[in-house]
Amino acid sequence: MCVTRHAVSTIVGLVLIVGAGSAARAGDWLYWTDQGTGRIERANLDGTERATLVSGVRAVAVAVDRVDRKLYWIEQSPARIRRANLDGTQPEDLVTSGLVDPADIEVDVAGRRMYWTEPTASRITRAKLDGSAREVVFVANAIFPTGLALDVRGRMLYWTDAVLAHIRRSPMDGGASQVVLGVGLYEPMDIELDGIGRRMYWTEPDPSLIRRANLDGAEIETLFVANAIAPTGLALDLPQQMMYWTDPRTVRILRGRIPVFDVEEVVNNDLRVPWGIALYLASDALGDLNCDGAVNNFDIDPFVLALTDPAAYQSQFPDCDILNADLNGDGIVNNFDIDPFVELLSRS
């Protein structure tokens, strides 16, 4: 990968214009919605330090913006999209009209947009992160987009259709869909992507399955099966090779290492209908290239090194993840991460 001298000079020149302020790294957090209790909650990944962030809502899905450290969620009755800080403070309405039973939401960090599904309206819609510039990017009669995931690298939307029992994909900027998997599925619900490994993971609650396949639908694997459990919402901690999922049938939140052999309870009390789930990983600290827990000027030289000599970066910073330099979320560290890195520094 190549970085021009001008680009490197631009980054290094930020030392002169960006203050020494830092963005403290938060802990690793697990977020979930509960349609029965009307709450959005969070806890450590082991279920400790549990806290209620929002109450009195019928929230169905949550998503995390790692750069701005914001939590986004979808509510039903009334249907609206909202966001708040990661601790639930300063909630604000983003979209409050024209929604038809929204089901899932994802955030495109690099593109500064959010995408959501509306199954009964047979469409996928997007807007800027403040709710403006709303546009439909997919619509088709008798197709029911349910769970949603973004392949930023390939500029594609991947989504489940729980009614037709398909997994489909369509362009992020709008266009027709194609069936990726259309045989042998049973009401697929949530879907998540591994952008680096080029795989998709999804849940099928009724036959109690979590499965994965390549992004083209090849090499299907069953990672988890248990007759008494109904995996619904899904979240991935890929650096640790862990899966987290909600189970409204046994009223628990569970996790297991990929592939799943042993299942561990994370939350098993004071739940009713746990549904949507998302992770915020401090170890996935975007922009913190020297791994000191802050994003500031001291990350500039390591960032340039990650761009120009990845082997040297890993040698110099063996405990850091080079993908902390993947600011646009496409799974690759390259020139396209420079502008988002500059923007992140300017906000820190």
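Calculation criteria
Residues numbered from 1 in each chain as written. Predicted model: local features only at pLDDT ≥ 70, side-chain atom pairs only at ≥ 80, totals over all residues. Heavy atoms only, no water. Helix = DSSP H or I, 4+ residues; strand = E, 2+ residues; numbered from the N terminus. Contact = heavy atoms within 4.5 Å. Areas by Shrake-Rupley, 256 points an atom, 1.4 Å probe, with all protein chains shown as cover. Lys, Arg positive; Asp, Glu negative; His and termini not counted. Charge placed at Lys NZ, Arg CZ, Asp CG, Glu CD. Pairing = 2+ DSSP bridges. Buried < 20%, exposed > 50% of the residue type's maximum accessible area, 1.4 Å probe, protein only. Core = buried A, V, L, I, M, F, W, Y, C linked by side-chain atoms within 4.5 Å. Salt bridge = Lys/Arg side-chain N within 4 Å of Asp/Glu carboxyl O. Axes fitted to C-alpha atoms, helices over the stretch in contact; angles between N-to-C directions. Phe/Tyr/Trp six-rings, centres within 6.5 Å; stacked < 30°, edge-to-face > 60°. Lys NZ or Arg CZ within 6 Å of the ring centre and 35° of its normal.

**Student:** If you had to explain the overall build of the chain to someone new, which residues and values would you point to?
**Tutor:** Along the backbone of the chain there are four helices and 24 strands. Expressed as lengths along the three principal axes of its C-alpha atoms, the size of the chain is roughly 55 × 45 × 40 Å. Across the chain, every contact between residues at least 6 apart in sequence was considered, and the portion connecting residues at least 24 apart equals 44%. With the model as given, the accessible surface of the chain reaches about 14200 Å², and the carbon-plus-sulfur share is 49%. Of the charged side chains in the chain, 32 are positive and 49 negative; the average position of the first set lies 4 Å away from that of the second.

**Student:** Summarise the environment of Gly38; cite the residues concerned and give the values.
**Tutor:** Mapped onto the fold, Gly38 is located in the loop between β1 (29–34) and β2 (39–43). When the C-alpha positions of Gly38 and Pro274 are compared, they lie 9.8 Å apart, and in sequence the two are 236 residues distant. Among all residues touching Gly38, those that are not within four sequence positions of it are Val54, Ser55, Gly56 and Val57.

**Student:** Go over the pairing of strand β23 (residues 263–267) with me, naming the residues and quoting the values.
**Tutor:** Alignment of strand β22 (residues 252–257) against β23, held across four bridges, turns out to be antiparallel. The residue bridging Ile253 from the neighbouring strand is Val267, located in β23. Linking β22 to β23, which pair antiparallel, is a turn of five residues.

**Student:** Break down the pairing of β1 for me, citing the residues and quoting the values.
**Tutor:** By the criterion of burial, β1 is predominantly enclosed, with six of the six residues buried. Side chains Trp29, Tyr31 and Thr33 project from β1 onto one buried face, and the interleaved Leu30, Trp32 and Asp34 project onto a second face that is buried too. With five bridges connecting them, β1 and strand β24 (residues 274–280) associate as antiparallel partners. Residue Trp29 lies in a different strand from β24, and its bridge partner there is Tyr280.

**Student:** Please provide a residue-by-residue account of the nonpolar core, values included.
**Tutor:** Among the nonpolar cores identified, the biggest contains 36 residues, and Ile81, Ile105, Met114, Trp116, Phe303 and Tyr313 are the most heavily contacted of them. Breaking this core down by element, the ones donating at least two residues are β4 (59–65), β5 (70–75), β7 (92–95), β8 (105–108), β9 (113–118), α2 (300–308) and α4 (338–347). Counting residues per element, this core draws most heavily on α2, which supplies five residues. Discounting residues that sit within four places of it in the chain, Ile81 has contacts with Trp73, Ile74, Asp93, Leu94, Val95, Leu99, Ile105, Met114 and Trp116. Counting 15 residues, the second largest nonpolar core, distinct from the first, contains Tyr31, Leu53, Val54 and Val57.

**Student:** Before we move on, can you summarise the pattern of salt bridges with the specific residues and values?
**Tutor:** For the structure on display, the rule yields 20 salt bridges. We note a salt bridge from Arg50 to Glu41, for which the minimum N-O separation is 2.8 Å. Between Glu118 and Arg123 there is a salt bridge, with its nearest N and O atoms 3.0 Å apart. Judged by relative accessible area, Glu118 falls into the buried class, the value being 0%. Through salt bridges with shared partners, one network takes in Asp108, Arg126, Glu135, Arg155 and Asp173.

**Student:** Explain the sheet that holds strand β6 (residues 80–85) residue by residue, including any values.
**Tutor:** Read across the sheet, four strands follow the order β4-β5-β6-β7 without closing on themselves; strand pairing throughout is antiparallel. Two strands in the sheet have a free side with no partner beyond their single neighbour: β4 and β7. Neighbouring strand axes in the sheet, compared pairwise and without regard to direction, differ in orientation by 30 degrees on average.

**Student:** Lay out the packing of aromatic side chains in plain terms, naming residues and giving numbers.
**Tutor:** Under the counting rule described, the total for this entry stands at four aromatic pairs. When the ring of Phe303 is compared with that of Phe341, the centres are 3.9 Å apart and the planes differ by 10 degrees; the resulting orientation is stacked. In this pair, Phe303 sits in helix α2 while Phe341 sits in helix α4, placing the two residues 38 residues apart along the sequence. In this structure, Phe303 and Phe341 share a single accessibility class: buried. The aromatic ring of Trp29 is capped on one face by Arg42, whose charged end is 3.6 Å from the ring centroid.

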